[in-house]
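Breakdown of the fold
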Amino acid sequence: MDYIEKVLEKLKEWARKVIESLLGPEAEPEPEPIPIPVNDRPRPRR
């Protein structure tokens, strides 16, 4: 029985590697964007 469990574990590992190579690594949450201050005040016309 132990042999079957080891084989199943290797198959899971192999499947994970195949899926990662096809789809890329597991999705990680995107970091929150850093707000960039913007000067929205209208400039005086000359």
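Look up: the structure comes first, before these words.
Given the structure is predicted, the values throughout are model-derived calculations rather than measurements.

To continue, consider the overall build of the chain. When its secondary structure is counted, the chain shows 1 helix and 0 strands. The buried share among the 46 residues of the chain stands at 0%. Carbon and sulfur atoms make up 60% of the accessible area of the chain, which amounts to about 5,700 Å² in all.

What follows concerns the pattern of salt bridges. Evaluation of the coordinates by the stated rule reveals 2 salt bridges. A salt bridge links Lys6 to Asp2; the shortest N-O distance between them is 4.0 Å. Separated by 4 residues within a single helix, Lys6 and Asp2 lie in helix α1 (residues 2–23), roughly one turn from each other. Classification of Lys6 as exposed rests on a relative accessible area of 53%.

With that out of the way, let us pick up α1. Look at α1: 31 Å from first C-alpha to last across 22 residues, which is about the 32 Å you get at 1.5 Å a residue. Just downstream of α1 lies Gly24, where phi reads positive at about 90°.

Parameters and conventions
Residues numbered from 1 in each chain as written. Predicted model: local features only at pLDDT ≥ 70, side-chain atom pairs only at ≥ 80, totals over all residues. Heavy atoms only, no water. Helix = DSSP H or I, 4+ residues; strand = E, 2+ residues; numbered from the N terminus. Buried < 20%, exposed > 50% of the residue type's maximum accessible area, 1.4 Å probe, protein only. Areas by Shrake-Rupley, 256 points an atom, 1.4 Å probe, with all protein chains shown as cover. Salt bridge = Lys/Arg side-chain N within 4 Å of Asp/Glu carboxyl O. Expected span 1.5 Å × (residues − 1).

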